[in-house]
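Chain and residue survey
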Amino acid sequence: MSDQAVLHVKGRVLVGPEDVRDELWVVDGRVSYDRPAGARDIRTVEGWTLPGLVDAHCHVGLGPHGPVDAATAEKQARTDREAGTLLIRDAGSPSDTRWVDDRDDLPKIIRAGRHIARTRRYIRNFAHEIEPADLVAYVAEEARRGDGWVKLVGDWIDRDLGDLAPSWPRDAVEAAIAEAHRLGARVTAHCFARDSLPDLVEAGIDCIEHATGLTEDLIPLFASRGVAIVPTLVNIATFPDLAAGGEARFPRWSAHMRRLYERRYDTVRAAYDAGIPVYVGTDAGGSLAHGLVAGEVAELVTAGIPPVDALAATSWAARAWLGRPGLEEGAPADLVVYESDPRADVRVLASPRRVVLNGQVVE
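Residues numbered from 1 in each chain as written. Predicted model: local features only at pLDDT ≥ 70, side-chain atom pairs only at ≥ 80, totals over all residues. Heavy atoms only, no water.

**Regarding the pattern of salt bridges**
Pairing is possible between side chains of opposite charge, provided their charged atoms come close. All told, the structure shown has 27 salt bridges when counted by the stated rule. In this structure, E74 engages R78 in a salt bridge whose closest nitrogen and oxygen atoms are separated by 3.0 Å. Here E74 and its partner R78 are both found in helix α1 (residues 70-82), 4 residues apart, which amounts to about one turn of the helix. Residue class for R78 comes out partly exposed when judged on its relative accessible area of 29%. Here the salt bridges share partners, and the residues they tie into one network are E74, R78, R103 and D105. (Salt bridge = Lys/Arg side-chain N within 4 Å of Asp/Glu carboxyl O. Helix = DSSP H or I, 4+ residues; strand = E, 2+ residues; numbered from the N terminus. Buried < 20%, exposed > 50% of the residue type's maximum accessible area, 1.4 Å probe, protein only.)

Below you can see the structure in the form of structure tokens.
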């Protein structure tokens, strides 16, 4: 043991939904369940402890008009940290945020590289905008640059059609997903509507973002392939305003967006009931604020997911899905302490008592 101060976390430590322990120790920034011999300069925090929360759809380094400077990106990451989000899957960003990896005081980021979209079929300055013939090459590039994920834009408004439409032909996504898998990366896709989903899932995609177009006939396909969804319900809440803003030019699209919004909770609950993995993501960045993880968990509960499973979707299960440790022996001490049991009421997530990142209490 080094001379670093020891942190004693006591109360109820939720190593898993049913694995509850009375205490843990943080020594040299890592979790231990054995009291360190000769420990001195001990600091104690007490309460109900969870692994650092996960936001599996977040955009650090992205603003409403594209990439932001490092100071703004740091502020975004700090806002997430203060909300208890200590692990982020960055689901597409045009900014280089590798410098965050050298900062022990900022959340850990798993990057999906930059969005890959069809030409003029996504938000300006966000994505690589390309044609299908170049999809495999761009997926390979982002697979090498990212941290084991690649992000496609699976559908977007087609201005000639006046509604949401798939971005890619089946053969292009099959080849692109196969290339990503060959390079050891998983693939996810932004999808609002239904029509892009069958081709993407049958092509072997690993995850769908938003998934508002998931219908009863497609649920067995998702379940049999083990394709996860990240619903981002706090973002779907903006659909009525988006629809109102686009109604004059694209009435068909506006009506479609309202329908997707109206059945959002039924969609998520049906997916959960069928055994489709559901994870927490806020879609922070762009136009949406950071630090909304507690609100997204509450939205999953409103949709009908049991509180413990909604909690798992931002903690134990989410970390396992992303291949990152929770509160097991020797893991980095990334944890959040609350006043009361979050399994009983997920609303407690909105008020962390203490945040501990890399073994240091965030003041």
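**Description of the environment of I229**
Checked against the element boundaries, I229 lands in strand β17 (residues 228-230). For I229, a relative accessible area of 1% translates into the label buried. Setting aside chain neighbours within four positions, we find I229 in contact with I208, A211, F222, A271, I276, P277, V278 and Y279. (Contact = heavy atoms within 4.5 Å.)

**Comments concerning helix α9 (residues 264-273)**
The periodicity of an α-helix, 3.6 residues per turn, causes residues three or four positions apart to be oriented the same way. Listing the buried residues of α9 in full gives R264, T267, V268 and A271. Down the axis of α9, the smallest arc covering the buried residues is 95 degrees, so these residues share one side. The secondary structure elements touched by the buried residues of α9 are α5 (219-225), β17, α6 (233-236), α8 (251-262) and α10 (293-302). Immediately downstream of α9, the backbone of G275 shows phi near 90 degrees, a positive value. (Arc of directions from axis to C-beta.)

**Some words on the sheet that holds strand β8 (residues 85-90)**
Judged by pairing direction, the sheet is parallel, and its 3 strands sit side by side in the order β5-β8-β9 without closing on themselves. Of all strands in the sheet, those bounded by a partner on one side alone are β5 (53-58) and β9 (108-111). For this sheet, the mean inter-axis angle between neighbouring strands, taken without regard to orientation, is 20 degrees. Two elements, β8 and β9, share 4 bridges in a ladder whose sense is parallel. Looking at β9, one finds that R89 is bridged to I110. (Pairing = 2+ DSSP bridges. Axes fitted to C-alpha atoms, helices over the stretch in contact; angles between N-to-C directions.)

**A word on the sheet that holds strand β1 (residues 6-14)**
Reading across from one edge, β3-β2-β1-β4-β18-β19-β20 is the order of the 7 strands in this open sheet, with mixed pairing throughout. What marks the edges here is a single partner per strand, and that holds for β3 (30-32) and β20 (360-362). Neighbour to neighbour, the strand axes of the sheet diverge by 40 degrees on average, direction disregarded. With 3 bridges joining them, strand β18 (residues 335-338) and strand β19 (residues 354-357) adopt antiparallel strand pairing. The residue bridging V336 from the neighbouring strand is V355, located in β19.

**Remarks on unusual backbone geometry**
One non-glycine residue, H210, adopts positive backbone phi at about 75 degrees. Looking at the secondary structure, you find H210 in strand β16 (residues 207-210). Although it is not a glycine, T232 sits at a positive phi angle of roughly 50 degrees. The topology assignment puts T232 in the loop between β17 and α6.

**Considering the packing of helix α2 (residues 135-145) against helix α3 (residues 170-182)**
Packed helices, taken two at a time, are described by the angle their axes make and the gap between the axes. Two numbers describe how α2 lies on α3: the axes approach to 9 Å, and their chain directions differ by 25 degrees. Taken as axis vectors, α2 and α3 run roughly parallel relative to one another. For the crossing formed where α2 meets α3, the hand is right-handed. Contacts between α2 and α3 pair L135, V136, V139, A140 and R144 from the former with A172, V173, A175, A176, E179, A180 and R182 from the latter. The residue inventory of the contact of α2 with α3, partitioned by class, reads 9 nonpolar, no polar and 3 charged. (Parallel < 35°, antiparallel > 145°, perpendicular 65-115°, else oblique. Left-handed = near helix turned anticlockwise from the far one by under 90°. Nonpolar A, V, L, I, M, F, W, Y, C, P; charged D, E, K, R; others polar.)

**Observations concerning the environment of L164**
With respect to the helices, strands and loops of the structure, L164 is situated in strand β14 (residues 163-166). Beyond its immediate stretch of four places on either side in the chain, L164 contacts W156, I157, F192, A193, W253, H256, M257 and L260.

**What about the packing of helix α7 (residues 239-246) against α8?**
Across the interface, α7 lies against α8 with an axial gap of 8 Å and an inter-helix angle of 170 degrees. The pairing of α7 with α8 is recorded here as roughly antiparallel in orientation. For the pair α7 and α8, contact is made by F239, P240, L242, A243, A244 and G246 and by P251, W253, S254, M257, R258, L260 and Y261, respectively. Taken together, the residues of the contact of α7 with α8 break down into 10 nonpolar, 2 polar and 1 charged.

**Remarks on the nonpolar core**
Of all hydrophobic cores here, the largest spans 60 residues; its most connected members are L135, L152, I205, I208, F222 and L300. Counting 18 residues, the second-largest nonpolar core is a separate cluster that includes V153, F239, A243 and F250. (Core = buried A, V, L, I, M, F, W, Y, C linked by side-chain atoms within 4.5 Å.)

**Here we look at the packing of aromatic side chains**
A full pass over the atoms with the stated rule returns 6 aromatic pairs. Aromatic side chains Y122 and F126 sit 6.1 Å apart centroid to centroid with 75 degrees between the ring planes, which places their arrangement in the edge-to-face category. Residue Y122 is classed as buried on the basis of its relative accessible area of 11%. Aromatic pair F192 and F239: ring centres 4.9 Å apart, planes at 75 degrees, arrangement edge-to-face. Taken as a pair, F192 in the loop between β15 (186-191) and α4 (197-202) and F239 in helix α7 lie far apart in primary sequence, 47 residues in all. (Phe/Tyr/Trp six-rings, centres within 6.5 Å; stacked < 30°, edge-to-face > 60°.)

Coordinates in, geometry out; function isn't part of it.
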